[in-house]
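A look at the structure
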Amino acid sequence: MKKLTTLVFLLVTQMYLFGHSLVLNVFDNEDDTITIEGAFNTGESAAGALVKLEGIDSGEILFKQRLSDDDLIVKIPQIPYIIILDGGPGHTVEKAGIPPKNGFKEIEIHTEKSKKEKRPSKTSMEVSSSPAVMVSIVFAFILLFATIFISIRNTNKLISELKKEKE
């Protein structure tokens with residue numbers, strides 16, 4: 001039992017050691033394009049993370065593409081926008097968009113209230129297939145089955161002990 005406890009402790013400890021957060025860098029190229037970089041603060045690449053440019057007022061998706069190992073160069077939209085880097089659950093970063101040289105064509109004042117009222121539709125939600133999520137789910141099932149196995153074993157031992165005492 002001591003070995004099992006040590007093994008579980010080592011597995012759980014490793015999950016906390018590899019905690020990380022997503023970093024979004026946006027650079028103005030001075031030619032009405034921006035360079036978007038994504039990485040984790042551990043130095044790990046964020047290749048595969050989804051980059052979206054979303055109109056602030058309309059909520060319209062202006063651009064959508066997954067990051068590769070190279071930097072992503074995007075034409076600056078003519079309306080106010082935000083840049084969203086989605087690396088999976090708990091790994092989403094938003095930044096205000098850089099305006100083009102001549103400024104935005106549409107400038108509307110918006111409030112936080114209008115942003116809170118906007119709800120994502122079920123069709124626009126995306127399911128993450130992050131390796132960390134998969135490892136966590138597998139680990140949870142292993143613990144569940146181990147608990148059931150130990151419970152059954154202990155129950156059988158108790159029943160056999162009770163039968164011995166009756167005889």
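Parameters at a glance
- All residue numbers refer to positions counted from 1 along the written sequence of the respective chain.
- Under the rules for a predicted model, residues below a pLDDT of 70 receive no local features and side-chain atom pairs below 80 are neither given nor counted, while totals for whole chains, interfaces and linings still include all residues.
- As a rule here, side-chain values cover all heavy atoms of the structure and leave hydrogens and water aside.
- In short, DSSP must find at least two bridges between two strands for them to pair.
- Only runs of H or I of at least four residues qualify as helices and only runs of E of at least two qualify as strands under DSSP, and these elements are numbered from the N terminus.
- Exposed residues in this analysis have more than 50% of their type's maximum accessible area, buried residues have under 20%, and partly exposed residues fall in between, with area computed by a 1.4 Å probe over protein chains only.
- Take the buried residues of types Ala, Val, Leu, Ile, Met, Phe, Trp, Tyr and Cys, join any two whose side-chain atoms come within 4.5 Å, and each joined set is a nonpolar core.
- We call two residues in contact whenever any of their non-hydrogen atoms come within 4.5 Å of each other.
- pLDDT gives the predictor's per-residue confidence on a scale running from 0 to 100.
- The angle between two axes is taken between their N-to-C directions and runs from 0 to 180 degrees, where each axis is a line fitted to C-alpha atoms and a helix contributes only its stretch in contact.
- Two N or O atoms count as a polar contact when they lie within 3.5 Å, although within protein this holds only if one can serve as hydrogen donor and the other as acceptor, and sequence-adjacent residues are included solely when both atoms are side-chain atoms.

Pairing geometry for strand β1 (residues 22-28) and strand β2 (residues 33-40), over 7 bridges, is antiparallel. Paired with valine 26 across the two strands is isoleucine 36, which belongs to β2. Following β1, the chain reverses through 4 residues before pairing antiparallel with β2; glutamate 30 in that reversal takes a positive phi of roughly 65°.

The next subject is the environment of proline 89. Along the chain, the position of proline 89 falls in the loop between β6 (81-86) and β7 (92-96). Sequence separation of proline 89 and serine 130 is 41 residues, and the distance between their C-alpha atoms is 8.3 Å.

Only one face of strand β5 (residues 72-75) is buried, namely the one carrying Leu72 and Val74, since none of Ile73 and Lys75 on the opposite face is buried. Sheet analysis places β2 next to β5, joined by 4 bridges and oriented antiparallel. The residue of β5 that forms the bridge with isoleucine 36 is leucine 72.

This part is about the nonpolar core. Judged by nonpolar contacts, the single largest core of 19 residues is most densely connected at Ile34, Ile36, Val51 and Ile83. Contributing elements (two or more residues each) for this core: β1, β2, β3 (50-55), β5 and β6. Not counting residues within four places of it along the chain, the set of residues in contact with valine 51 comprises Ile36, Phe63, Lys64, Gln65, Leu67, Leu72, Ile83, Ile84 and Leu85.

Once that is clear, we can look at the confidence of the model for the protein. Residue-level pLDDT values for the protein average 80, and 79% of them are 70 or greater. The element-level mean pLDDT for the protein is lowest in helix α2 (residues 112-117), coming to 52, with helix α3 (residues 131-166) highest at 92.

Let us now look at the sheet that holds β7. If you walk across this open sheet you meet the 4 strands as β4-β3-β6-β7, and the pairing is antiparallel. The sheet is open, and its two borders are formed by β4 (61-66) and β7, each paired with just one other strand. On average, each strand axis in the sheet is inclined to that of its neighbour by 15°, with strand direction left out of account. Sheet analysis places β6 next to β7, joined by 5 bridges and oriented antiparallel. When the sheet's bridge partners are listed, aspartate 86 is paired in β7 with threonine 92.

Attention now goes to the sheet that holds β1. Read from one edge of the open sheet, 3 strands run β1-β2-β5, paired in antiparallel fashion. Looking at which strands have only one partner, the edges of the open sheet turn out to be β1 and β5. Here the average twist between neighbouring strands, direction ignored, is 25°.

This part takes up the side chain of threonine 35. In this structure, threonine 35 sits in strand β2. Here asparagine 29 takes part through its side chain, which lies 2.9 Å from a polar atom of the side chain of threonine 35. Those residues in contact with threonine 35 that sit more than four places away from it in its chain are Asn25, Val26, Phe27, Asn29, Asp71, Leu72 and Ile73.

Moving on, we come to the side chain of threonine 33. Mapping threonine 33 onto the fold places it in strand β2. Setting aside residues up to four positions removed in sequence, threonine 33 forms contacts with Phe27, Asp28, Ile73, Val74, Lys75 and Ile76.

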